[in-house]
Amino acid sequence: MENVKNESSKCLEGAISFIKPTNMLKHLYKLIWNKKRQNSLLLLEIFISFMVVFILFSFVVYYYDNYRRPYGFEFENVLSISFLKNTIYSDTASTTTADSLTCETLRKRLKAIPGIVELTFSSVNIPYAFSNNTGEYEYKKVKAKANYYDAEDSYPNVMGIKLLEGRWFSKDDDAAKDKPIVITQSLKEKLFNSETAIGKLLWEGQIVGVINDIRDKDDFNEIESGLFRRLNLADNSILRILVRVEPGSKKVIENRIYQALSDDQLITNAEMEFLSIKKARKNKVKLIPMVLMLIVSTFLIINVSLGLFGVLWYNISQRRAEIGLRRAIGASEMSVTRQLIAEALIMATLALILGSFFAIQFPLLHIFDLPASTYLIALSLAIIFIYLLVTLCALYPGRQAATIHPAVALHED
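These lines cover the structure that appears in this document, whether it is placed above or below.

What counts and how
Every chain is numbered independently, its residues counted from 1 as its sequence is written. At least 70 in pLDDT is required for a residue's local features to be given in this predicted model, at least 80 for side-chain atom pairs to be given and counted, and no such filter applies to totals for whole chains, interfaces and linings, which use all residues. With hydrogens and water set aside, each side-chain value is computed from the structure's full complement of heavy atoms. Strands here are runs of E lasting at least two residues and helices are runs of H or I lasting at least four, both read from the DSSP assignment and numbered beginning at the N terminus. Summary of the burial criterion: residues with accessible area below 20% of their type's maximum are buried, those above 50% are exposed, and those between are partly exposed, where the area comes from a 1.4 Å probe applied to protein chains only. Counted as a polar contact is a pair of N or O atoms within 3.5 Å, where, for protein atoms, one must be capable of donating a hydrogen and the other of accepting one, and residues adjacent in sequence contribute only when both atoms are in side chains. Residue contacts are defined here by distance: any two heavy atoms, one from each residue, within 4.5 Å place the two residues in contact. Whether two aromatic rings pair depends on their centres lying within 6.5 Å, for rings of Phe, Tyr and Trp, where Trp uses its six-membered ring; planes under 30 degrees apart make the pair stacked, over 60 edge-to-face, and the rest tilted. Counted as over-ring charges are cases with an Arg CZ or a Lys NZ within 6 Å of the ring centre that also lie within 35 degrees of the ring normal. In this description, a nonpolar core means a group of buried Ala, Val, Leu, Ile, Met, Phe, Trp, Tyr and Cys residues linked to one another through side-chain atoms lying within 4.5 Å.

Some details on the side chain of serine 58
So, step 1. Along the chain, the position of serine 58 falls in helix α3 (residues 36-67).
So, step 2. Residue classification places serine 58 among the buried residues on the basis of a relative accessible area of 1%.
So, step 3. In this structure the side chain of serine 58 is engaged in a polar contact, spanning 2.8 Å, whose partner is the backbone oxygen of phenylalanine 54.
So, step 4. Not counting residues up to four positions away in its chain, the partners in contact with serine 58 are Leu370, Thr374, Tyr375 and Ala378.

Some details on the packing of aromatic side chains
So, step 1. A full pass over the atoms with the stated rule returns 24 aromatic pairs.
So, step 2. Arranged with centres 5.5 Å apart and planes meeting at 80°, the rings of phenylalanine 357 and phenylalanine 358 form a pair that is edge-to-face.
So, step 3. Judged by its relative accessible area of 38%, phenylalanine 358 is partly exposed.
So, step 4. Cluster of aromatic residues (ring-pair linked, three or more members): Phe50, Phe54, Phe59, Tyr62, Tyr63, Tyr67, Phe220, Phe362, Phe368 and Tyr375.
So, step 5. Over the ring of phenylalanine 130 we find lysine 282, and its NZ or CZ is 5.2 Å from the ring centre.

Let's talk about the nonpolar core
So, step 1. Among the nonpolar cores identified, the biggest contains 37 residues, and Ile46, Phe50, Phe54, Leu308 and Ile386 are the most heavily contacted of them.
So, step 2. Put simply, the parts of the chain that give this core at least two residues each are α3, α8 (275-317), α10 (333-365) and α11 (372-402).
So, step 3. At 13 residues, α3 tops the list of elements feeding residues into this core.
So, step 4. The next biggest cluster of nonpolar side chains, apart from the first, holds 22 residues, and it includes Leu110, Phe121, Ile257 and Met272.

Now the structure itself:
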């Protein structure tokens, strides 16, 4: 009987204190502190949920930010032609040069095919290929990594690349003292900041132009810096041909090209594939680990949510006498429900303060090496998600507890 009186006095004090919001918060915090041992498991559950959600949102924001960025070139209606084994090119060490005259014969033969707009020879690391050529470049002790490509004078016309400064390669560069190179905007900003890049010398040659950034790995890869060198057909043993075709001619153009290349056994074993198909294949490879990570994270979130729901249900069920007394002194079902949800949100806030401390360390310690803005957006989304999750998990147990009849609760106690 003495316990019932104590509970009654505590609840009466709590009901009076709810008149002012500040007193309400103090009262709720006091209730949580008095049951810190029981609430410790709940705080741990919320903390784990937050960290899992924060990491998941970090990658989701990162990949979405990359996905929405422009490609920087036009891959539709572009066909790539590769040579695995032929009389001109070879992957073996015995063949070190390409017959540039035969390349010109190929060029003329392909251009004569109806439906072909333009073509260009290129190095093997064409867009969406499983091949990369990377190097490190330095200017005044500033270093930056970039992908480098070998491309012809006609490359921008085929790929739809736009010049921002200077020019692309041309026949005027045949007699140039320094080899001409073209860099992307991101490489220009890394090496030269606000300075002009035109005329600057790198160990590859002299910069003659700056183009827009290109995203040619997959839909989810971040923009990487690039450097283009002028292709010399006589110095390259392994090449690719990029062919821009007229829209709507995809179905017939491959047969025409294959027939033209097979005449007189000029080449053998030619492989042709549109860049759009290459992109779809590259995206599938990138999506596999992303989907696996999403499945694992979703499984963890569901399990943690169920655990959170169970802990809240248990904690509330242990307070039937307290809730019954509050109802006996005139508290409405809505006010009891609001109190229980508010307590859960306060505990969520305490867990989020701790979780945010650890989350802030990610950009500072370069964990996963993602942009700092990505972590900040993910942090905000994770906080909102946890508040919604805790509210939903506390809503049903709170409403069920609020419907307890005072006499039943006191009788059970």
